[in-house]
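Residues per chain are reported as follows:
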Amino acid sequence: MVGSAMCRRLAASRCEILTASRQTLDLTQANATNDYFADQRPDTVIFASAKVGGILANATFPVEFLTDNLMMAVNTINAAYRHGVERFLFLGSTCIYPRDCEQPIKEGSLLSGPLESTNEAYALAKIAGLKLCQYYRRQHGVMFHSAMPTNLYGPGDNYHPDHSHVMPALIRRFHEAKQAGKSSVQLWGTGTPRREFLHVDDLADAIVHLLSLESPPDWVNVGTGTDITILELAQLVAKTVGYEGEIQTDPSRPDGTPVKCTDVTLLNESGWKHKIDLTKGLKHTYEAFLEETLAGRLRSA
Ligand SMILES: NC(=O)c1ccc[n+]([C@@H]2O[C@H](COP(=O)([O-])OP(=O)(O)OC[C@H]3O[C@@H](n4cnc5c(N)ncnc54)[C@H](OP(=O)(O)O)[C@@H]3O)[C@@H](O)[C@H]2O)c1
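Residues numbered from 1 in each chain as written. Predicted model: local features only at pLDDT ≥ 70, side-chain atom pairs only at ≥ 80, totals over all residues. Heavy atoms only, no water.

A. Looking closely at the overall build of the protein chain. Secondary structure assignment for the protein chain yields 10 helices and 11 strands. What you see for the protein chain is a C-alpha radius of gyration of 19 Å, in line with the 19 Å of a compact globule of 301 residues. Along the three orthogonal principal directions, the C-alpha set of the protein chain runs to about 60 × 45 × 40 Å. Residue burial in the protein chain is summarised as follows: out of 301 residues, 47% are buried. (Helix = DSSP H or I, 4+ residues; strand = E, 2+ residues; numbered from the N terminus. Rg over C-alpha atoms; globule rule 2.2 N^0.38 Å. Buried < 20%, exposed > 50% of the residue type's maximum accessible area, 1.4 Å probe, protein only.)

Right under this line is the structure:
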């Protein structure tokens, strides 16, 4: 999702875009990764590869979430340094901050407390990658740095029925409920937790901005700084999709952290602010969902 958004964002820029899908380059393979850099010699790298997934996927496959993400990060960062990459932007995530950190989340909260147990493996790998970039910058003076995006949504998202994030999961559920003429849709938990969402095209724009800064922070939050309850989000998705039935909450299911929102002061002060509001972004995302479904290329794996 992020890689495609970067290509859309950079399409009109004066740069040659090199992309590497998993089919052409498995980044868990150190030799293949090294050979790719030796051959292609990129001068800037945006590291948007990762094994990602929701709570269930993270809880079921912690071994793969730690090893794949760790190997991908270490292989790519090392190869980038070895082959003279001038600028490297690593994608972290706000879900790697400690579980109980102060809200809104500031960059300084990283490593200040225990991680959320459901995505600990993923977080450990991401923290290692982000720190490796910081260490390269400190030890070798290269401009390797990171961005910490909040929950993303947009075209190209993964709509797997069990393994997707909350936004695509809701879009799919309400769309299918509308099609099936269902009278109600059930929402896990109380609907009261507050979450923040950023359109992936905004992230791509923020990344271009961060790459243009002479001395960016080692890592910087990328979000909107505003949150919404899961119930409000479900209502907005239902409205966007055109679902008119009832939304029922299920308090017997776990809620997760009550509030998760980023402090975007550092990013705003560096000269960037998000442009796509949630209503507009959701409309755009649902249109993309319909297009992807129609074309038979909706991601659901
Ligand atoms: N989505 C979010 O809400 C969110 C929020 C914060 C941060 N991020 C971060 O943003 C980055 C991109 O996420 P995304 O949402 O764009 O995920 P995505 O759509 O799943 O993209 C990840 C890409 O990495 C590729 N990949 C996985 N394993 C690989 C391997 N061994 N070698 C080479 N490529 C491999 C995947 O290929 P396959 O499709 O073949 O598996 C996929 O194309 C990640 O670092 C993620 O942690 C995402």
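B. Just the layout of surface pockets, in detail. Put simply, the second largest pocket is a space of about 160 Å³. Lining the second largest pocket are Arg173, Glu176, Ala177, Lys182, Ser184, Val185, Gln186, Trp188, Asp250 and Arg253. Contributions of two or more residues to the lining of the second largest pocket are made by helix H6 (166-180) and strand S5 (184-188). At 4 residues, the largest contribution of residues to the lining of the second largest pocket is made by S5. Residues that form the lining of the second largest pocket fall into these classes: 3 nonpolar, 2 polar and 5 charged. (1 Å grid on protein atoms, 1.4 Å probe; cavity = no way out; pocket = protein on both sides within 12 Å on 5 of 7 lines; lining within 4 Å. Points joined across faces, edges and corners; volume = space filled by probe spheres on them. Nonpolar A, V, L, I, M, F, W, Y, C, P; charged D, E, K, R; others polar.)

C. Quick peek at the side chain of threonine 150. Inspection of the secondary structure assignment puts threonine 150 in the loop between strand S3 (143-149) and strand S4 (151-153). Judged by relative accessible area, which is 7%, threonine 150 ranks as buried. Not counting residues within four places of it along the chain, the set of residues in contact with threonine 150 comprises Thr94, Glu196, Phe197, Leu198, Val222, Gly223 and Thr262. (Contact = heavy atoms within 4.5 Å.)

D. Molecular detail of the site of the ligand. By nearness alone, 23 residues border the ligand, and Met1, Arg22, Tyr122, Lys126 and Arg299 come closest of all. Within the backbone of valine 2, an N or O atom sits 2.8 Å from an oxygen atom of the ligand. Between arginine 22 and the ligand, the recorded distance is 2.5 Å, taken from a side-chain N or O atom to an oxygen atom. Protein coverage of the free-state accessible area of the ligand, which is 880 Å², stands at 85%. Residue assignment for the shell around the ligand shows that the elements contributing at least two residues are helix H5 (120-140) and S4. (Near = heavy atom within 4 Å. Polar contact = N/O pair within 3.5 Å; in protein donor to acceptor, adjacent residues only side chain to side chain. Areas by Shrake-Rupley, 256 points an atom, 1.4 Å probe, with all protein chains shown as cover.)

E. A look at H5. Its 21 residues place the ends of H5 29 Å apart at the C-alpha level, agreeing with the 30 Å of an ideal helix rising 1.5 Å per residue. At the exit of H5 stands glycine 141, carrying a positive phi of roughly 70°. (Expected span 1.5 Å × (residues − 1).)

F. Local environment of empty space enclosed by the protein. If you walk through the whole model with that rule in mind, you get 1 cavity of 30 Å³ or more. Its volume calculated, the largest cavity comes out at about 40 Å³. For the largest cavity, the full set of lining residues is Phe47, Ser49, Ala50, Asn69, Met72, Phe90, Ala125 and Lys126. Put simply, the parts of the chain that give the lining of the largest cavity at least two residues each are helix H4 (62-82) and H5.

G. Region of the structure containing the packing of aromatic side chains. Taken as a whole and assessed by the stated rule, the structure comprises 10 aromatic pairs. Between the aromatic rings of phenylalanine 47 and phenylalanine 90, the centroid separation amounts to 5.3 Å while the plane-to-plane angle is 10°, which identifies the pairing as stacked. Separated by 43 residues along the polypeptide, phenylalanine 47 in strand S1 (residues 44-47) and phenylalanine 90 in strand S2 (residues 87-91) bring together distant segments of the chain. Judged by its relative accessible area of 3%, phenylalanine 47 falls in the buried class. Using a relative accessible area of 1% as the deciding quantity, one classes phenylalanine 90 as buried. Following the ring pairs from residue to residue traces out a cluster consisting of Phe47, Tyr81, Phe88, Phe90, Tyr136 and Phe144. (Phe/Tyr/Trp six-rings, centres within 6.5 Å; stacked < 30°, edge-to-face > 60°.)

H. Structural context of the sheet that holds S3. Spatial ordering of the open sheet is given by S1-S2-S3-S8, a layout of 4 strands whose pairing is parallel. Looking at which strands have only one partner, the edges of the open sheet turn out to be S1 and strand S8 (219-222). Pairwise comparison of adjacent strand axes, ignoring direction, gives a mean angle of 20° for this sheet. Relative to S3, S2 runs parallel, the two sharing 5 bridges. Bridging across to S3, phenylalanine 88 finds its partner in phenylalanine 144. The strands that H4 touches are S1, S2 and S3; relative to S2, the one it contacts most, it runs at about 170°. (Pairing = 2+ DSSP bridges. Axes fitted to C-alpha atoms, helices over the stretch in contact; angles between N-to-C directions.)

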